[in-house]
Amino acid sequence: MIKNGFLIAVLSLYFCFSGLIVASENQPMSAIDWLGEKINDPPDFYTFPSEKNGLAEDSNIEIQVNQLPGVSKNSIGIFGGIRLGLPVDIWSGEYETSIAYEIEAIPPSKLFRLNRFLKRVLLVEADPPIIDLKEKYSGKLFLKARISKLISMGALDDAEELLKSANPTRDTILLDLWAEVSFLTERLDDFCNTILKVHKSDMFPAYRVICLARSGDWNAAALTLATYSSMEKIDTNLEILLINYLDHEAELEIKNKELCLKDIPVLVYLCNFSGIKAYKNTLPIEFLYNNLSRSKSLRARIIASEELVRSGALDPNILFANYKIKQASTSGGVWARVRLVQELDKKLNNLEAPLPDLLEILLLTIQEFKENGLLTQFAHVYGKKIQKIKLNQFSSE
């Protein structure tokens, strides 16, 4: 019965719009054309039974949601400001719009400790700033600015923690930020579970299509895509990317590959899935997060770690752990730092190592990390170890 209902719905859509679409050999396949070909042989799928909501199926009760004015989420944080010596009312004397603007205007810094301090400030729980009721997203603007800044620093784990604490289900502005983090980290389960429970007309169409497919409901994903296409609510190139996502064998090409050059996480995710590597020379730092995965090459992991450590998003100990995974495969670039760190460790662990040899490798290592903007991070990890060796050396003399 369910399968017959699905077939009738899809066929109705197909025949309704097929007369309006004239496809030539040079035109890309539309979602409706593609679905028309696939309808005779849809893949098997499994869905969980819908939960009852307590209302009769024929109920005409209309449920409306009214947002309470003046409710602020700007106070949300992970820890109290007292840990940083900040008063609880640090923000309360400013309007959220002005302080959000100031947060957005903070430029990237080359100072590691300043970046680390900024990240901690962004995570502080404190009294909220004054709400600006004239703004569309009042009560959330300062929180949005903090999360956006964390994302731009590559601190995606912290941004995700703030988002989940804010319960972004009903706020489009927070859902979009959660989408960014989810597609950047490729941790999509919690995001998709939420997307499939909410219905917002201004939601980006690709979210629902992707999440339906990931949930195992391929038919619903395909029908949703065809519906968006028939209503002209989706760009042709994005439509093709989503067809490729739903149908691995489609391998359709998009005409505008510049779409994949946009710094939009969901588009980069879909372009990667379609095998389109239309990357610019450099991507924003937040796109390096996934290169920390063990599935990536060691070189890619080290490069990502170095950039994220410079921005203050990553603990330096993780970077130096990566340096020690295996021996350098060549002599230049990141491998020079790999070799120096491993040689320095050998000297530090050898209590009988001659002091001149230790000083020589230490000076070479300091010079290498200074030239690459990582000297403070090196001192953060090795400072106490070097002090102890010097103390031991002096005591033995």
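This text follows the structure it describes.
So, here's what we can say about the structure. (Residues numbered from 1 in each chain as written. Predicted model: local features only at pLDDT ≥ 70, side-chain atom pairs only at ≥ 80, totals over all residues. Heavy atoms only, no water.)

1. Topic: the overall build of the protein
Move 1: Across its full length, the protein holds 17 helices and two strands.
Move 2: Out of the 397 residues in the protein, the part that is buried amounts to 42%.
Move 3: By sequence separation, contacts in the protein at least 24 residues apart represent 64% of the contacts at least 6 residues apart.
Move 4: Summed over all atoms, the accessible surface of the protein reaches about 23,200 Å², with 52% contributed by carbon and sulfur. (Helix = DSSP H or I, 4+ residues; strand = E, 2+ residues; numbered from the N terminus. Buried < 20%, exposed > 50% of the residue type's maximum accessible area, 1.4 Å probe, protein only. Contact = heavy atoms within 4.5 Å. Areas by Shrake-Rupley, 256 points an atom, 1.4 Å probe, with all protein chains shown as cover.)

2. With respect to the packing of aromatic side chains
Move 1: For the structure on display, the rule yields 16 aromatic pairs.
Move 2: A centroid spacing of 6.1 Å and a plane angle of 70 degrees characterise the contact between F183 and F191, whose relative ring orientation is edge-to-face. F191 shares its class with F183; the two are buried.
Move 3: Ring centres of Y323 and F369 lie 5.8 Å apart, and the angle between their planes is 75 degrees; this geometry places the pair in the edge-to-face category. Here F369 lies in helix α16 (residues 355-371) and Y323 lies in helix α14 (residues 316-323), a separation of 46 residues in the sequence. (Phe/Tyr/Trp six-rings, centres within 6.5 Å; stacked < 30°, edge-to-face > 60°.)

3. What to know about helix α5 (residues 141-153)
Move 1: With 13 residues, α5 extends 18 Å from end C-alpha to end C-alpha; this agrees with the ideal 18 Å at 1.5 Å per step.
Move 2: Along α5, ten of the 13 residues are buried, which leaves the element largely enclosed by surrounding structure.
Move 3: Burial in α5 covers these residues: L141, F142, L143, A145, R146, I147, K149, L150, I151 and M153.
Move 4: Contacts from the buried residues of α5 go to α3 (96-105), α4 (112-122), β2 (124-125), α6 (156-165), α7 (172-185) and α13 (298-310). (Expected span 1.5 Å × (residues − 1).)

4. Topic: unusual backbone geometry
Move 1: Backbone geometry at N167 places phi at a positive 50 degrees, although glycine is not the residue there.
Move 2: One can find N167 in the loop between α6 and α7.
Move 3: A positive phi is found at E232, a non-glycine position, where the angle reads about 55 degrees.
Move 4: Residue class for E232 comes out exposed when judged on its relative accessible area of 73%.

5. Quick notes on the packing of α3 against α5
Move 1: The N-to-C vectors of α3 and α5 enclose an angle of 10 degrees; their axes lie 8 Å apart at closest approach. Between α3 and α5, the crossing angle belongs to the class labelled roughly parallel. Contact residues: α3 offers E96, T97, I99, A100, I103 and E104, while α5 offers L141, F142, K144, A145, R146 and K149.
Move 2: A per-class count over the contact of α3 with α5 returns six nonpolar, one polar and five charged. (Axes fitted to C-alpha atoms, helices over the stretch in contact; angles between N-to-C directions. Parallel < 35°, antiparallel > 145°, perpendicular 65-115°, else oblique. Nonpolar A, V, L, I, M, F, W, Y, C, P; charged D, E, K, R; others polar.)

6. Topic: the side chain of K149
Move 1: Structurally, the position occupied by K149 is in helix α5.
Move 2: Comment: no salt bridge for buried K149; closest opposite-charge side chain is E104, at 8.4 Å.
Move 3: Within the structure, the side chain of K149 is placed 3.5 Å from the backbone oxygen of I103, a separation counted as a polar contact.
Move 4: If near-sequence neighbours (up to four positions away) are discounted, K149 is found in contact with I103, E104, I106 and L122. (Lys, Arg positive; Asp, Glu negative; His and termini not counted. Salt bridge = Lys/Arg side-chain N within 4 Å of Asp/Glu carboxyl O. Polar contact = N/O pair within 3.5 Å; in protein donor to acceptor, adjacent residues only side chain to side chain.)

7. Considering α13
Move 1: Taking 1.5 Å per residue, 13 residues should reach 18 Å; α13 reaches 18 Å between its end C-alpha atoms and fits that length.
Move 2: Considered for burial, the residues of α13 that qualify are L298, R301, I302, A304, S305, E306, L308 and V309.
Move 3: G312 sits one or two positions beyond α13 and adopts a positive phi of about 90 degrees.

8. Side note on the state of the cysteines
Move 1: Summed over all chains, the structure comprises two disulfides.
Move 2: Paired through a disulfide, C192 and C211 show a sulfur-sulfur distance of 2.2 Å. Looking along the S-S bond of the C192-C211 disulfide, the torsion reads about -70 degrees, which is the left-handed sense. Of this pair, C192 sits in helix α8 (residues 189-195) while C211 sits in helix α9 (residues 205-214), and the two are 19 residues apart along the sequence. Both residues of the pair, C192 and C211, count as buried. (Disulfide = S-S within 2.5 Å.)

9. Quick look at the packing of α5 against α6
Move 1: Following both chains from N to C, one finds α5 and α6 inclined at 155 degrees, their axes separated by 8 Å at the closest point. Overall, the two elements α5 and α6 adopt an arrangement that is roughly antiparallel. Crossing angle aside, the handedness with which α5 passes α6 is left-handed. Contacts from L143, R146, I147, L150 and I151 of α5 reach α6 at L156, D158, A159, L162 and L163. (Left-handed = near helix turned anticlockwise from the far one by under 90°.)

10. Details of the pattern of salt bridges
Move 1: The final tally for this structure, using the stated rule, is twelve salt bridges.
Move 2: The partner of D171 in a salt bridge is K73, and the shortest N-O contact between them spans 2.7 Å. Of this pair, D171 sits in the loop between α6 and α7 while K73 sits in the loop between α2 (31-38) and β1 (79-80), placing them 98 residues apart in sequence. Comparing D171 with K73, the two get one shared label, buried.

11. Thoughts on the environment of N115
Move 1: Mapped onto the fold, N115 is located in helix α4.
Move 2: When neighbours within four sequence positions are excluded, N115 is seen to be in contact with S109, M153, R310, S311 and G312.
Move 3: Side-chain polar atoms of N115 contact the backbone oxygen of S109, separated by 2.9 Å.
Move 4: Within the structure, N115 has its side chain in polar contact with the backbone oxygen of R310 (distance 2.9 Å).

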